[in-house]
Amino acid sequence: MATRLLVCPPTHYSVNYDINPWMTRNVGYSAPDAQRQWDRLMETFTVAANVQLVTIEPGEHVPDLVFTSNAALICGNLAVLSSFRHPERRREQGLYRIALAKAGFATTYLQQTYFEGAGDAIFDRVRPIMYAGYGWRSERNATLQLAELVGCRVMPLLLVDERFYHLDMALCSLSSGHVMVYMDALSPHAQTQLRRTIDPGYLIEIGIDDALSFACNSVELDDAVVMHSCTRRLRERLNHAGYRVFQTELTEFHKAGGSAKCLTLRLDEGPAIGIAAATA
Ligand code: ARG
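This one's a predicted model, so the numbers in the text were calculated from it and none came from an experiment.

Let us now look at the site of the ligand. Close contacts around the ligand come from 17 residues, with Asn20, Arg89, Arg137, Asp168 and Cys262 the closest. Between the ligand and Asp64 there is a distance of 2.9 Å, counted from a nitrogen atom to a side-chain nitrogen or oxygen. Side-chain polar atom of Arg89 to an oxygen atom of the ligand: 2.7 Å apart, as the coordinates give it. Coverage of the ligand by the protein chains reaches 100% of its 350 Å² of free accessible surface. Residue classes in the shell around the ligand are distributed as 7 nonpolar, 6 polar and 4 charged.

In structure tokens form, the structure reads like this:
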């Protein structure tokens, strides 16, 4: 079955304001090569795997709408819409709500808290766990509210490095059971939690070079992993885990602090049915 991804063409994408350290140096940048890089990313997805792209209409005053990973957390047929921390992105919520309702989802949102969707909430692909990042954008309270909605264990992970302000920039869960992670972006307690949960052989710890080229912000599609770039060492590690690695340039989007995975929202998503749950 095709993997459905929600995407938004970068027609109105540019760096217009400053809400993360990547944007700080780039306010006013018009990203002239964005359309070409985005087109190639979409092409890579379709070459790499069986995908169906579901498009949301770009809007003139919402440049960051391209980062559809922040539209919502998808859990079965429910979309838990983002409640954006920064006013600059709040007007996206209504547009994502309409697009997701049109795609057949029931929509809701968390009360009295900030929560930035799949950017901060990541289901483990094999263990019945959801990793929930908080600190810069989403709040800890959001992770607690999610526990009531998603029907699996929620593991709150505090993010401590502002360059990695969403969890999907520091952690990527793969269907092979591997979890790719840049540990220094997480608090010591969060690191301990992960080490306790994931067998060392399944933890792919990446270095700062790969982290800064957004290697954790990868899109897994069947046996392919699509990303901006990575070191030879990481590529070989992923090959060893059974993946083909596709690299495609996304520098225009890095200027606003996002990469491959931020530019997508997987529409078929929900808690993994772990061995224990499956046999219960
Ligand atoms: N400029 C956007 C922001 O600061 C980038 C979002 C990146 N998205 C992500 N899922 N990491 O909100």
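There's more to say after this.
In this section: the sheet that holds strand β10 (residues 179-181). Strand order across the open sheet formed by 3 strands is β9-β10-β11, with mixed pairing between neighbours. The sheet is open, and its two edges are formed by β9 (171-173) and β11 (203-205), each paired on a single side. Averaged over all pairs of adjacent strands, the angle between their axes in this sheet comes to 15°, without regard to strand direction. Summarising the sheet, β9 and β10 pair through 3 bridges and their orientation is antiparallel. Note that in β10 the partner of Cys172 across the bridge is Met180. The strands touched by helix α8 (residues 232-240) are β10 and β11; relative to β11, the strand with the most contacts, the crossing angle is about 170°.

Below, the discussion takes up the confidence of the model for the chain. Of the residues in the chain, 97% reach a pLDDT of 70 or more, and the chain-wide mean stands at 96. Ignoring residues within four places in sequence, the model shows residues 275-280, a span with pLDDT below 50, making 1 contact including any to other chains.

Before going further, it helps to spend a moment on unusual backbone geometry. As a rule of thumb, non-glycine residues mostly have phi less than zero, and peptide bonds are mostly trans rather than cis. One non-glycine residue, Phe214, lies in positive phi territory at about 65°. Residue placement: Phe214 occurs in the loop between α7 (208-212) and β12 (219-221). We note that Asp222 has phi near 50°; this positive angle belongs to a residue other than glycine. Residue placement: Asp222 occurs in the loop between β12 and β13 (224-227). Judged by relative accessible area, Asp222 falls into the partly exposed class, the value being 48%.

Once that is clear, we can look at the environment of Tyr114. In this fold, Tyr114 is placed in the loop between β5 (106-109) and β6 (121-123). Residue class for Tyr114 comes out partly exposed when judged on its relative accessible area of 27%. If we ignore the near neighbours within four places in the chain, the residues touching Tyr114 are Ser83, Phe84, Arg85, Arg90, Arg137, Ser138, Glu139 and Ala142.

Right, let's get into the packing of aromatic side chains. Within this structure, the stated rule accounts for 5 aromatic pairs. Here Tyr13 and Phe67 contribute two aromatic rings whose centre-to-centre distance is 6.1 Å and whose plane-to-plane angle is 85°, an arrangement assigned as edge-to-face. Taken together, the residues Tyr13 in the loop between β1 (3-7) and α1 (21-24) and Phe67 in the loop between β2 (51-55) and β3 (72-75) connect sequence positions 54 residues apart. You'll find Tyr13 and Phe67 in the same group, each marked buried. Centroid distance Trp22 to Phe214: 4.6 Å. Interplanar angle 45°. Geometry classified as tilted. Placement of the pair is Trp22 in helix α1 and Phe214 in the loop between α7 and β12, with a sequence separation of 192 residues. Taking relative accessible area as the criterion, Trp22 reaches 10% and is therefore assigned buried. Overall, the relative accessible area of 1% leaves Phe214 in the buried class. Pairwise contacts between aromatic rings join Tyr13, Phe67 and Phe253 into one cluster. Its end group placed over the ring of Tyr29, Lys255 keeps NZ or CZ at 4.8 Å from the ring centre.

Right, let's talk about the sheet that holds β2 for a bit. The pairing of strands in a sheet comes from backbone hydrogen bonds and takes either a parallel or an antiparallel form. Strand order in the open sheet formed by 3 strands is β2-β1-β15, and the pairing between neighbours is mixed. The open sheet has two edge strands with one neighbour each: β2 and β15 (265-266). Sheet topology note: the β1/β2 ladder contains 5 bridges and is parallel. Pairing of Leu6 across the sheet is with Val54, part of β2.

Moving on, we come to helix α6 (residues 188-197). Taken residue by residue, α6 has Ala190, Gln191, Gln193 and Leu194 as its buried positions. One side of α6 holds all its buried residues, which, seen down the axis, span an arc of 160°. The exposed residues of α6 that point more than 90 degrees off its buried face are Pro188, His189 and Arg196.

What counts and what doesn't
Residues numbered from 1 in each chain as written. Predicted model: local features only at pLDDT ≥ 70, side-chain atom pairs only at ≥ 80, totals over all residues. Heavy atoms only, no water. Near = heavy atom within 4 Å. Polar contact = N/O pair within 3.5 Å; in protein donor to acceptor, adjacent residues only side chain to side chain. Areas by Shrake-Rupley, 256 points an atom, 1.4 Å probe, with all protein chains shown as cover. Nonpolar A, V, L, I, M, F, W, Y, C, P; charged D, E, K, R; others polar. Pairing = 2+ DSSP bridges. Helix = DSSP H or I, 4+ residues; strand = E, 2+ residues; numbered from the N terminus. Axes fitted to C-alpha atoms, helices over the stretch in contact; angles between N-to-C directions. Contact = heavy atoms within 4.5 Å. pLDDT = per-residue confidence, 0-100. Buried < 20%, exposed > 50% of the residue type's maximum accessible area, 1.4 Å probe, protein only. Phe/Tyr/Trp six-rings, centres within 6.5 Å; stacked < 30°, edge-to-face > 60°. Lys NZ or Arg CZ within 6 Å of the ring centre and 35° of its normal. Arc of directions from axis to C-beta.

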